[in-house]
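Coordinate analysis (summary)
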Amino acid sequence: VIKCKAAVAWAPNQPLSIEEIEVQPPKTEEVRIKMVSTGICRTDDHAIHGELPGMNFPVIFGHEGAGIIESVGKGVTGLKPGDKVVPLCLPQCGKCSSCLNAQSNFCFKSHYEPQNVLLDKTSRFSCKGKVVDHFVWTSTFSEYIVMPAGAVAKIDDKAPMEKACLFGCGFPTGYGAAVNTAKVEPGTTCAVFGLGAIGLSVIIGCKVSKASRIIAIDINSSKFEKAKLFGATDCINPKDFSKPIQEVIKEMTGDGVHYSFECIGITDIMKAALECTHPGYGTSVVIGVAPQDEKVTFDPLLLLTGRTWKGSLYGGFKSLDSVPQLVSDYMAGKFDLDGLVTHTLPFTQINEGFELLRAGKSIRTVLLF
């Protein structure tokens, strides 16, 4: 058993508490990882506020991280102590009907297995004599974590760990929505709603796909300079217009864009993103996680006239197969992620990192252990 520090959420809507916890050794087909870095994602903030279904407290959040394997349990192959890895919040069991389908990455392990405990239905965390739950198996807001070996991706030993954590969620989710889910084509027009780490990663994907026009939309104009650095050709703030933003985009593009991406998790914006696409061939991709029980109401004629509405989870990437390749592509210079990280803080300042997110002052804050 290892004693270490972790940010424990004892109840919803409260600051995270840095506590000493106990982390049990890995059991059969599990690994224990010493975390090096973790990013702060908007989904973690939703979880802190109790907006995700199936949450129990106390719990250790965090799902975007990178670390080094400390020990392995029985039956583990392909992973060993000292390996650099990215914990995967979306597993790839390789056995369910979704994993066996080349068109899908939604592993049923993430749906049917409760990811607040491990596969034997127990937790490896405890604090002050109480059992503490996991979060989507990753719980990267802890110095040490235990995970199923099948949900851990080994990456290049030379990968910079302060950037490698981005491959746990933010970058693949946005980049893949453009290159995999939408399959953006050269010469097309795109609209990206929300310029956080995921929205900027969408822009990277659109640029790599050679889109001719990329319109970035956000109510925080301070993010426009960075959006242009990543490839946005136009930046617009809905607050600057008296008419709905979808009407503005349609006027800018002549009846609508080829592709739009909703990267915020607001149902009204999901609808606006659909409405700003071109009749007949427009495609809108939903990436943002809406609060629990939110519903979308829209005119079915929007789809009847030929538009396509799609969802994208983890950018459509099969996680175990894709993360090592994505890291290698980054190291080979296929794309530049440096501007996504606006703040780097020690792990103990995690609550300050969340305040930066809520105030709109950060793109991605990375915490170092």
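Above this note sits the structure.
A brief report on the enclosed structure follows. Treat the numbers as computed from the prediction; the structure is a model and nothing was measured.

What to know about helix H8 (residues 267–275)
Turning to H8, its buried residues are Thr267, Met270, Ala272, Ala273, Leu274 and Glu275. Its buried side turned inward, H8 meets strand S10 (189–193), helix H7 (245–253), strand S13 (259–262), strand S14 (283–286), helix H9 (301–304) and strand S15 (308–311).

Remarks on the pattern of salt bridges
Evaluated as defined, the whole model comprises 15 salt bridges. Where Asp120 meets Lys27, a salt bridge forms, and the shortest distance between an N and an O atom there is 3.0 Å. Of the two residues, Asp120 sits in the loop between helix H2 (109–112) and strand S6 (125–127) while Lys27 sits in the loop between strand S2 (17–23) and strand S3 (30–39), which places them 93 residues apart along the sequence. By relative accessible area, Asp120 is classed as partly exposed at 35%. A salt bridge links Glu64 to Arg364, with the shortest nitrogen-to-oxygen separation between them at 2.8 Å. In this pair, Glu64 is assigned in the loop between helix H1 (42–48) and strand S4 (65–72) and Arg364 in strand S17 (residues 364–368), connecting sequence segments 300 residues apart. There is no split in this pair, since Glu64 and Arg364 are both buried. Bridged by salt links that share partners, the residues Lys27, Glu30, Asp120 and Arg124 form one connected network.

Section: unusual backbone geometry
Note the cis peptide between Phe57 and Pro58, where omega equals 0 degrees. The residue Pro58 is located in the loop between H1 and S4 in this model. Positive phi outside glycine occurs at Ser139, with the angle close to 50 degrees. Residue position: Ser139 is located in the loop between strand S7 (130–132) and strand S8 (144–148). Since its relative accessible area comes to 0%, Ser139 is described here as buried.

A closer look at the packing of aromatic side chains
What describes a pair of aromatic rings is the distance from one ring centre to the other and the angle between the planes of the rings. According to the stated counting rule, one finds 12 aromatic pairs in the structure shown. Judged by centre distance (5.0 Å) and plane angle (90 degrees), the rings of Phe61 and Phe135 are edge-to-face. Of this pair, Phe61 sits in the loop between H1 and S4 while Phe135 sits in the loop between S7 and S8, and the two are 74 residues apart along the sequence. A single burial state applies to Phe61 and to Phe135, both of which are buried. With a centroid separation of 6.4 Å and 70 degrees between ring planes, the pair formed by Phe106 and Phe108 is classed as edge-to-face. Since its relative accessible area comes to 32%, Phe106 is described here as partly exposed. A relative accessible area of 29% places Phe108 in the partly exposed class. Aromatic rings pair up to connect Phe167, Phe171, Tyr175, Tyr330 and Phe335 into one cluster.

Conventions and cut-offs
Residues numbered from 1 in each chain as written. Predicted model: local features only at pLDDT ≥ 70, side-chain atom pairs only at ≥ 80, totals over all residues. Heavy atoms only, no water. Buried < 20%, exposed > 50% of the residue type's maximum accessible area, 1.4 Å probe, protein only. Helix = DSSP H or I, 4+ residues; strand = E, 2+ residues; numbered from the N terminus. Contact = heavy atoms within 4.5 Å. Salt bridge = Lys/Arg side-chain N within 4 Å of Asp/Glu carboxyl O. Phe/Tyr/Trp six-rings, centres within 6.5 Å; stacked < 30°, edge-to-face > 60°.

Coordinates in, geometry out; function isn't part of it.
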